[in-house]
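The lines below spell out each chain.
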Amino acid sequence: MSILIQQATILTMQDGQSPFTGDIRIVGNRIAEIASHIAPQPEDDVINGQNKLAMPGLVNAHQHSPMSLLRGFSDDLKLMDWLERKMLPAEARMTPEDIYWGSKLAIAEMIRSGTTAFADMYIHMNEIAEAVTETGIRASLTRGMVFMEDDGGRRLQEAVDLVQGWSGKANGRITTMYGPHSPYTCPMEPLREVITMAVRDDIPLHIHLAETKEEVEKIRNRYQMTPTEYLEEAGMFERAHVLLAHAVHLNSSDISRLKQMNGGVAHNPVSNLKLGCGIAPVEAMMAEGITVGIGTDGAGSATTLDMFEEMKAACWLQKLDYEDPTRLPASKVLHMATRGSAELLDIQDEVGILAAGYKADVILIDLTKPHLQPIHDVEALLAYSVNGSDVHTTIVDGQILMRDRTLLTMNEEEIYREVNARAKRIVKGI
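Note on numbering: residues in each chain are counted from 1, in written sequence order. Owing to the predicted nature of the model, reporting of local features is limited to residues with pLDDT of at least 70; listing and counting of side-chain atom pairs is limited to 80 or more, with chain, interface and lining totals taken over all residues. Hydrogens and water are ignored here; the side-chain numbers use all heavy atoms of the structure.

Turning to the overall build of the chain, a few remarks are in order. When helices and strands are tallied, the chain shows 15 helices and 17 strands. Expected size for 430 residues packed as a compact globule is a radius of gyration near 22 Å; at 21 Å, the chain falls within 12% of this value. With the C-alpha coordinates of the chain rotated into their principal frame, the extents come out at 65 × 45 × 45 Å. Should any heavy atoms of two residues lie within 4.5 Å, those residues are considered in contact. Restricting to contacts in the chain with at least 6 residues of sequence separation, those with at least 24 account for 72%. Only DSSP runs of H or I reaching four residues or more are called helices, and only runs of E reaching two or more are called strands; each is numbered from the N terminus. Each radius of gyration reported is based on C-alpha atoms, and the globular scaling rule is 2.2 Å times the count of residues to the power 0.38.

Turning our eyes to something else, we now look at the packing of aromatic side chains. Given two aromatic rings, their pairing is described by the distance between the two centres and the angle made by the two planes. Here the aromatic set is Phe, Tyr and Trp, taking the six-membered ring for Trp, and pairing holds for ring centres within 6.5 Å; pairs whose planes are under 30 degrees apart are stacked, those over 60 apart are edge-to-face, and all others are tilted. This model, assessed by the stated rule, comprises two aromatic pairs. Aromatic side chains Y100 and W101 sit 5.1 Å apart centroid to centroid with 85 degrees between the ring planes, which places their arrangement in the edge-to-face category. Accessibility assignment for this pair places Y100 and W101 in one class, buried. Both a distance and an angle decide whether a charge sits over a ring: NZ of Lys or CZ of Arg must be within 6 Å of the ring centre and within 35 degrees of the ring normal. Directly above the aromatic system of Y322 lies the positively charged group of R327, at a separation of 3.9 Å from the ring centroid. Buried residues are those whose accessible area, probed at 1.4 Å on protein chains only, stays under 20% of the maximum for their type, while exposed residues exceed 50% and partly exposed ones sit between those limits.

For cavity detection a 1 Å grid was placed over the protein atoms alone, and a set of points counts as a cavity when a 1.4 Å probe fits there but cannot get out; an open set counts as a pocket when protein lies on both sides within 12 Å along at least five of seven lines, with lining residues being those that have an atom within 4 Å of a point. Grid points are joined across faces, edges and corners, and a volume is the space filled by probe spheres set on the points. Overall, the coordinates contain one cavity of 30 Å³ or more when judged by the stated rule. Approximately 50 Å³ is the volume found for the largest cavity. Together, S74, D75, D76, L77, W82, K274, L275, G300 and S301 line the largest cavity. Partitioning the lining of the largest cavity into residue classes produces three nonpolar, three polar and three charged. Under the grouping applied here, Gly and all other residues not named as nonpolar or charged are polar, the nonpolar ones being Ala, Val, Leu, Ile, Met, Phe, Trp, Tyr, Cys and Pro and the charged ones Asp, Glu, Lys and Arg.

For the rest of this paragraph, the subject is the pattern of salt bridges. What counts as a salt bridge is simple: a side-chain nitrogen of Lys or Arg found within 4 Å of a carboxyl oxygen of Asp or Glu. Under the criterion given, the structure shown has 28 salt bridges. Between D81 and R85 there is a salt bridge, with its nearest N and O atoms 3.9 Å apart. Residue D81 and its partner R85 are located together in helix α1 (residues 79–92), separated by four residues, close to a single helical turn. Taken together, the salt bridges that share partners define one network made up of D98, E418, R422 and R425.

Turning our attention to the environment of A284. Assignment of secondary structure puts A284 in helix α10 (residues 282–287). Through-space distance from the C-alpha of A284 to that of N251 is 10.0 Å; in sequence the pair is 33 residues apart. For A284, the contacting residues outside a window of four places in its chain are I255 and Y322.

Right, let's get into helix α15 (residues 412–427). How far a helix is expected to stretch is found by multiplying one less than its residue total by 1.5 Å. In this model, α15 (16 residues) spans 22 Å end to end at C-alpha, consistent with the 22 Å of a helix rising 1.5 Å per residue. Of the positions making up α15, those classed as buried are E412, I415, V419, R422, A423, I426 and V427. With its buried residues spanning 115 degrees around the axis, α15 presents them on a single face. The exposed residues of α15 that point more than 90 degrees off its buried face are E413, R417, A421 and K424. Looking at the buried positions of α15, the neighbouring elements they touch are α1, α2 (96–112) and β17 (406–407). Two or three places before E413, at the opening of α15, N411 has a side-chain oxygen 3.2 Å from that residue's backbone nitrogen. This arc is taken over the directions from the axis of the helix to the C-beta atoms. N or O atoms closer than or at 3.5 Å make up a polar contact, with two conditions inside protein: a donor-capable atom paired with an acceptor-capable one, and, for residues adjacent in sequence, both atoms drawn from side chains.

Once that is clear, we can look at the layout of surface pockets. Unfilled space is identified by rolling a water-sized probe across the atoms. Reported here for the largest pocket is a volume of approximately 1300 Å³. If you go around the largest pocket, you meet 44 residues; those closest to its centre are L83, L88, E91, V146 and H181. Residue assignment for the lining of the largest pocket shows that the elements contributing at least two residues are α1, β7 (115–122), α3 (125–135), β8 (138–145), α4 (154–166) and α6 (213–223). For the lining of the largest pocket, the element with the most residues is α1, which contributes nine residues. When the residues that make up the lining of the largest pocket are grouped by side-chain class, the tally is 18 nonpolar, eleven polar and 15 charged. Estimated volume of the second largest pocket: approximately 340 Å³. What lines the second largest pocket is a set of 20 residues, and nearest its centre among them are D15, S331, K332, H335 and R339. Put simply, the parts of the chain that give the lining of the second largest pocket at least two residues each are β13 (291–294) and α13 (330–344). No other element matches the six residues that α13 contributes to the lining of the second largest pocket.

Keep in mind these numbers describe shape, not what the thing actually does.
Listed below in structure tokens is the structure:
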């Protein structure tokens, strides 16, 4: 099968390449050609790209997809109240089937808003992997592991089973990571064991870092270190590819320690704002050459999984923090949400730009909207004006998952019916 997108405004996200009008041919699951004009072939599924912008699909670098079941359930609470009074009791009631349907709801929202790949950390990962397989999206899946109490090695075995059972599945759309949850939930010995496994198996690591001031104090009191120093002491930054989620509370010494790491940081601005966690030092990290991508965190905290909203928030926070409107300009935040996040998922050789030979993860944005006219600067428009509902078409791995705002691999009515019934049962009485 081949797809021909004709006469779209194309933003390839390649260095030094400005937007231009042209065609994109997709053959199988890869981009075959990008040019000012490509002659249509009889087998082409032709998409009219006029008045539309084609760009790489967005990559959500940190998610907890089943938390979509808890959207709006625990807003306007302090972090520990949010976690202990609401999130943990509700999550304890989730069945594997709940996880499956919650992840499908999240995937539907992501496809609708232009996300083509995401990094997920949760439990019952087989169910999430099944949802990824069925819906056609791309994902890096992680079984989150807490080691504060003895579970007989169950969590670690489930993590190993996920890596062995799902890496490379769904035509390569599924990759995996090992996921020690955070410094404050992982004592040194099991943390070092997981790092050793990651290096041995050539599997990336996905971990929360310094999301709150409370975490920093906890690690300081327990180990007389910062959370970053703790991970360095464990050997996390020596050889493994690492995805660090949040990294809000870093000092200058912490940032220096991350300079040579493989991987980088997933910035989650909306979640950090809503929970009052603080402003991550994004500009300072990027100035030191640290790769920074963008994630949404789970819908239980962020409420939205719209990466365009995350881009806006990321820009606004840095401009406000520095009291300087030149900070984190549109071009940088677009790079973060595409190429930067792809690098965190360790899939940058396959996705993140539009170029011949790359996987065909492409979105089309409908520009015929009042809030998207007139068009002076395409990148500024994407960073500051576009929202997820402006996405017209979403293509992943050469398969059209949404066309003209209609999902093609999912039954939305069924999803809504399932999640509403399940969510009511989960939160009843909490």
